[in-house]
Structure formats: C-alpha cells, structure tokens
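Per-entry structural report
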Amino acid sequence: MTMLLEPAEAAPAPETVIEVPRSIDPALPISDKVFFVVAKGIGISVLVIMGAIGVFLGLQSIPTFRRYGFSFFTESSWQPENDVLGIAAVLVGTFTVALVAMLIAFPLALSAALYISEYAAPKVKSFLISMVDLMAAIPSIVWGLWGFFLLQPKAIHVAHWLHTHLGWIPFFHVDTDPNAAPWAQSRYAASAFIAGIAVSMMVLPMAAAVMRQVFSQAPIGEREAALALGSTRWGMIRTVVLPFGRGGIIGGTMLSLGRALGETIAVVLIISPAFDIKFRPLEIGTSTVSALIAGRFGEATSAQLSALLTAGFVLFVITLIINTLAATIVARSRSGANAD
Amino acid sequence: MTVIMDTSSGIGRPETGGGSLEARNISAWFGSNKVLERVSLDMPANTVTALIGPSGCGKSTFLRVLNRMHELVPSARLNGEVLLDGMDIYESGHRITETRKRIGMVFQKPNPFPAMSIADNVTAGLKLTGTRISRSDREDLIERSLTRASLWKEVKDRLKEPGAALSGGQQQRLCIARSLAVDPEVLLMDEPCSALDPTSTRRVEETIHEIRQQVTVVIVTHNMQQAARVSQQCAFFLAESGTPGGIVESGATKDIFGSPVDKRTEDYVNGRFG
Ligand SMILES: Nc1ncnc2c1ncn2[C@@H]1O[C@H](COP(=O)(O)OP(=O)(O)OP(=O)(O)O)[C@@H](O)[C@H]1O
Ligand SMILES: [Mg+2]
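Numbers given for residues are sequential positions, taken from 1 along each chain in its written order. For this description, chains carry letters from A and ligands carry numbers from 1, given in the order in which they are written. Selection of residues for local features in this predicted model requires a pLDDT of at least 70, selection of side-chain atom pairs for listing and counting requires 80 or more, and totals for whole chains, interfaces and linings are taken over all residues. Values shown for side chains rest on all heavy atoms present in the structure; no hydrogens or waters enter the calculation.

What follows is about the overall build of chain B. A run of H or I in DSSP becomes a helix once it reaches four residues, and a run of E becomes a strand once it reaches two; helices and strands are each numbered from the N terminus. Within chain B, the regular secondary structure consists of 11 helices and 10 strands. Note on method: radius of gyration uses C-alpha positions; expected globular size equals 2.2 Å times residues raised to 0.38. Over its C-alpha atoms chain B spans a radius of gyration of 18 Å, differing by no more than 12% from the 19 Å that the globule rule assigns to 274 residues. For chain B, the share of sequence-separated contacts (at least 6 apart) that also reach a separation of at least 24 residues comes to 67%. Accessible surface, chain B as shown: approximately 12,000 Å² in total, 48% of it carbon and sulfur. In chain B, the 33 positive side-chain charges and the 33 negative ones have mean positions that sit 4 Å from each other. For this analysis, residues touch if any pair of their heavy atoms sits within 4.5 Å. Computed with the Shrake-Rupley method and a 1.4 Å probe, the accessible areas treat only the protein chains shown as cover for residues. Under this rule, positive means Lys or Arg and negative means Asp or Glu; His and the chain ends count for nothing. Where a charge sits is defined by one atom per residue type, namely NZ (Lys), CZ (Arg), CG (Asp) or CD (Glu).

The next point concerns the overall build of chain A. In terms of regular secondary structure, chain A is built from 13 helices and 2 strands. A compact globule built from 340 residues would reach a C-alpha radius of gyration of about 20 Å, whereas chain A, at 27 Å, exceeds it by more than 25%. Counting only C-alpha atoms and orienting by the principal axes, one finds that chain A spans roughly 100 × 60 × 40 Å. Relative to its 340 residues, chain A shows a buried fraction of 42%. Note on exposure labels: buried denotes an accessible area under 20% of the residue type's maximum, exposed denotes more than 50%, and partly exposed covers the range between, all computed with a 1.4 Å probe on protein chains only.

A word on the sheet that holds strand 8 (residues 216-220) of chain B. Residues and elements named next belong to chain B. Here a strand pair is declared whenever DSSP counts at least two bridges between the two strands. One open sheet holds the 6 strands; their spatial order is 6-7-8-3-9-10, and the pairing between them is mixed. Among the strands making up the open sheet, the edge pair consists of strand 6 (103-106) and strand 10 (246-252). Adjacent strand axes in the sheet meet at a mean angle of 15 degrees, parallel and antiparallel pairs treated alike. With 6 bridges connecting them, strand 9 (residues 233-238) and strand 10 associate as antiparallel partners. Looking at strand 10, one finds that leucine 238 is bridged to glycine 246. Only the stretch in contact is used when a helix axis is fitted, and all axes are lines through C-alpha atoms; the angle between N-to-C directions ranges over 0 to 180 degrees. Packed on one face of the sheet, helix 7 (residues 168-181) meets strand 6 and strand 7 (186-190) and runs near 175 degrees to strand 6.

Contacts between the two partners involve 18 residues from chain A, matched on the other side by 22 residues from chain B. Simply put, the buried area is the total loss of 1.4 Å probe accessible area from both parts when two parts are fitted together. Counting each side, the surface lost to burial between chain A and chain B is near 1,500 Å², with a carbon and sulfur contribution of 70%. In terms of surface lost to chain B, no three residues of chain A exceed Glu224, Ala228 and Leu229 of chain A, which account for 40% of the buried area on that side. Each salt bridge in this description consists of a side-chain nitrogen of Lys or Arg and a carboxyl oxygen of Asp or Glu lying within 4 Å of one another. On inspection of chain A and its partner chain B, the count reaches 1 salt bridge. A salt bridge links glutamate 224 of chain A to arginine 64 of chain B; its shortest N-O distance comes to 2.8 Å.

We now examine the site of ligand 1. Residues and elements named next belong to chain B. Surveying the vicinity of ligand 1 reveals the residues Phe30, Val35, Ser55, Gly56, Cys57, Gly58, Lys59, Ser60, Thr61, Val73, Glu191 and His222. We define a polar contact as two N or O atoms separated by no more than 3.5 Å, with the added condition that, inside protein, one atom must be a possible hydrogen donor and the other a possible acceptor, whereas residues neighbouring each other in sequence contribute only through side-chain atom pairs. Between ligand 1 and serine 55 there is a distance of 2.5 Å, counted from an oxygen atom to a side-chain nitrogen or oxygen. The contact in question runs from an oxygen atom of ligand 1 to an N or O atom on the backbone of cysteine 57, over 3.3 Å. Broken down by element, the shell around ligand 1 gets its largest block of residues, 3 residues, from helix 1 (residues 59-66). We call a residue near a molecule or strand whenever a single non-hydrogen atom of that residue lies within 4 Å of it.

The computed volume of the largest pocket comes to approximately 500 Å³. Together, 19 residues line the largest pocket, and Ser117, Glu118 and Arg233 of chain A together with Leu72 and Pro74 of chain B are the ones closest to its centre. Broken down by secondary-structure element, the contributors of at least two residues to the lining of the largest pocket are helix 4 (88-119), helix 5 (122-137), helix 8 (220-228) and helix 9 (233-262) of chain A. With 4 residues, the single largest contributor to the lining of the largest pocket is helix 8 of chain A. Classifying every residue of the lining of the largest pocket by side-chain character gives 10 nonpolar, 2 polar and 7 charged. Using only the protein atoms, space was sampled on a 1 Å grid; points where a 1.4 Å probe fits but cannot get out form cavities, open sets with protein on both sides within 12 Å along at least five of seven lines form pockets, and lining residues are those with an atom within 4 Å of a point. Grid points are joined across faces, edges and corners, and a volume is the space filled by probe spheres set on the points. Note that Gly is not counted as nonpolar here; it falls among the polar residues with everything else outside the nonpolar set of Ala, Val, Leu, Ile, Met, Phe, Trp, Tyr, Cys and Pro and the charged set of Asp, Glu, Lys and Arg.

Residues and elements named next belong to chain A. Structurally, valine 97 is set in helix 4. A relative accessible area of 1% places valine 97 in the buried class. Beyond its immediate chain neighbours, meaning those up to four positions away, valine 97 contacts Ala192, Ala195, Gly196, Val199, Val267 and Thr288.

Purely spatial values, then, with no claim about function.
So this is what it looks like as structure tokens:
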C-alpha cells in the first residue's frame, strides 16, 4: 500500500492545468423533448394562474385597505350601508368552524388510515379505500343538505347534552338555560358546531388518504424487526409506523385544514349569519369568510365588492401559508423525503 | 450462572443454555405455489446450524416458519410442527409475541430503528414487550448486549446518537445486540453478513461463536467458508426445477463438507453447481 502511494506523493507537482468540466449533451430523443416541454409548460401555467389570482385579489384589495386601514381586521360587523365593515367576526367564525371540523376529522381520519393500512384484510382494504375515495367525490352541496336535513335534528341533542354537562367550560357554553322546556330548534341550531361536522365529513377523505399512503410506506424491514422482537401489532405501529408517518399526519391534517377554512356552500346552508366575536360553537349563529362572500356577493355595489374580494384575499393568503407549511413538513419528514 | 433480572418477567432466564428447536414435516405455500415440502430438521440446543443451498430453494421461508414470521405474508400458509423445547409453537395456546421473543431474528438487511438512539435500539425489545427494567439494570444490559455483539468498544461514547448514524456493519451488529437484549433461546440469522465487509463479517462470526453457549443459532449463508467456520451442523436445501424445496442432506458440518453422501451436496459445497 504505502509502496504504491509514495511515488505519487513524492512526484513533482504537475504543471497546472486549468480544468473545465466537459459539456455533456443529454441528446434527448424527440419524444422526451416534447414531453419535457409540455410538462414544463403545464407546470409553469399552474404557477402563473396561482400568481395571477393572488395579484388580482391583491390589486382589488388596495382601495379597501386604503379606506378602512387596520380596522378591517378588528371591526366585527359588516355594514357597508353605514360604512363600517371588517372581518374580525368572520375570521373567528372561519377558524371556529375549521377547528370543530378538524377536532372531529383528525381522530376519525387517523384511525381510519391506521385500520386500512395496518389491520384490514386485503379484500376489506380495497373496499374501504374505494369507499373513502367515494366519500371525497360527494359534492359539497350534498354534504350541506345532509347537514341541514339529517344531521341538524340529531346534532342539536348532542349540543344540548354537551351544554348541560360541560357547559361550565366556556367552549361548550350556550347563552340559554339548558333546562328551559322548548329548547329544541332554538339556540342550538344553525351553529358552527353543526357546520363543522358537515365540513369534517368533507375533509376527512383527504386527510385519511394522505395518512394511509405514508403509513403504507413504512419500511417493511423495520416493521418485521419490531414484530420479530416479540412486539404486538400496536407496539409495532407505535414504534415504526407512527414515527415514520408523522410528517404525513401533520401534512394531511394541515391540507384538510386549508380546505376546511375555505369550505363555502355547506356552511352557507347550515349556519344562520351572525357577526359577533364569540367562541361558543354550540350556539346559534356564526359566519365565515367564504359564507360572507357567497351571501353578499349578489347585491354588492362596486365598493362592497372590493371589500368582499379583500376578505377573499385574506383567506387566500391564510390558506396559502397553511398549505405551504404542510408541504414543507411533508417534504422534510422521512416519509416525504423520497416522495416529493 | 448469572440471573439478569426479575425472573417473573421471563427475561431472568439464566444466560446459559439455549432452547432446542425441532421442525417436523414443514410444508409451506405462497398462494398455490408450494415452496417447501415436508422438511424436518433437528436443531439441538447450543449448536450452530447452517442452512445452505442455491437461491430460491426456500431457506429464508424455512427460517421464517421457525419464529412465525412466515404468516405475515398474506398469502402464506403452512403445515407441520415446530417444537421449541418440545412444545409446538403453532399450538393455539401459545402467544405469538412470546414465541417471537424467545426465538429472535436477524435479517439480511440491517434494520435498526433509525430515529432511536443506539442505546434505545438495544432496549427496544424490552419496551416493545412491555418489560420494565431499572435504570442501572438498563445500563448494564446495554453494555452487556453490545459487548456480546462486539460493538461496545466502537459505540460506548456515542450511545445517544441515532442508530442510522452507524455504518452498515455496525448497524448489523447493533441489530444482533438488540436481539440478544431480550435474551432469546434461539437466534435465527438470515444471511447476516451478506451486506458486510470481511472485517465486520469476521466480527459477526466471532459473536456467533461466543453466544453459542447461551443461544441456539440457525444461520442461512451463501458463503461455504462461513458455514464451515461457524457451524457444527449443516443442512443442504435444494429445489429442483418445478418442485418444492427440501433438505437433500443434513448432518455434522465436517461430514457435509468432507464426505457428503449425496452427489448434489458434493457438487454444491465444491462450487460445481448448475
Ligand atoms: N413473499 C413471497 N410471496 C410469494 N412467493 C415468495 C415470497 N417469498 C418467497 N417466495 C418464493 O418462495 C421460494 C423460496 O424463497 P426463499 O426466499 O425462501 O428462498 P431462499 O432460499 O431464501 O433464496 P435466497 O438464497 O435467494 O435468499 C421462491 O421461489 C420465492 O419465489
Ligand atoms: Mg433468502
């Protein structure tokens, strides 16, 4: 070894040659070139469309921000006829509905994904996967109708029960007497809670699909290592599958949060609009940014339209931030690293 | 005779004496494809048994039948009995987790838990089987297991680093340490050195040599020298075209290599096959 190395080390430094990396022509076949150009074009146009929406909304918002300034974010009422308007209440409403939706969707999606990827027998598995996909294909207006006609009559009983037993927690409080006789149909209907349940059904399939996909990518070698040590299936899931899928759990949840924040039609159908800032999801009345826009769009003057578009712009920015965060988390995690 | 821990946990078994393992008429299928036919093999306590044979003849399948890993493949089925110290591990009364704890396995590809520290990797088996252990016992166990896998010297100052930070050979020895930490009676090894360099291979072989006093070892290997070096008995598997695999010849390693009875065994061990 040393014998071989020594002459090389002792040799005089060779005259300096300036090295230039040689060019390597990939010489793509025509079909590849066409595909490359088309794919690149489509990719760029997606970005351009996204950017254009953002720029359009941003430009439309300038007059509103000029006129109302920061009070656009702190004012809760929306009375363009009196020249006072702001999105404080609808932002709170938006997040309340989304929070309720995620509180319900997250545990359901996680357990559904775990069951499908880890416990279900192969036949049951493909059946369940297509059921969840089918659930994603149901139009949101149908979920809205479901929420209004089928869910609401049942959910007000749940809301009443929660108020009666957990009403001392502000989150479950409703501004009424739980023991009042004709309580039904009154203060518990048309609430953020009921809208949140409907929205949770809409976002659940996406969250479950993302989680299931990362769970099924957990390395077989590590799974077998855990089982061969004498682990139960649940022990294996806890030590291998869940740590591996953490990025997918967080990412899938945030992606569906992004969707829950923007959900419109189901919310419009269920809630009765109210513009006070409150954190009482069980109580009647709330509003969300998208429900506000949908509700006021038809009768808006051009100044009002600009205000509504500004509200839309704020929502756009919020969802963009959340989705970007989600994508970053998924990409940083072990499971997402080689998935793109 | 050193007792490690609380005997009631099942881990306090004296560190002397492995279990005896006996396979009786094992047949195995993947779907409708029969890959093993009526294979019987006696693996006495405290011997190293080497399984040799060409690729695809069912060695891994046989090994996985021995600690109930075979049934993890959805289409897999089997017939026959595997007796651990005289008791059939496929009997319905036996808990599968207990069986796998008593019959450990080291895989071809090193598979430490990458996010766990080296120390946590060693004790992962205890955690997974819900075995409690005091802090000082835990440190002892980590040192002893890593020493038995001849990895202690290399990692004793970096026990908190993640398992993925080790080289392939070190990872494989970490996996051996992890298996030894639950104090199995039998250790199954499926080509444990196929991804390792000669030095690491040597280390693993020394480890096998040392643990043989306490654990019964069954090892699959494609390396004839290795089989000759580490094992006391040897079984030659073969699946002739279109037929399920089976054992052509088994016996003391020196006989299989020195004076094989079957012509096919002689050809294989002398590298004159196919
Ligand atoms: N998961 C599986 N599904 C279906 N068939 C399988 C599966 N695993 C193995 N087989 C088949 O079973 C037969 C035996 O495979 P096995 O892995 O036991 O061979 P082996 O002796 O370990 O080979 P090698 O030396 O290459 O590891 C092969 O024909 C293989 O195709
Ligand atoms: Mg194999």
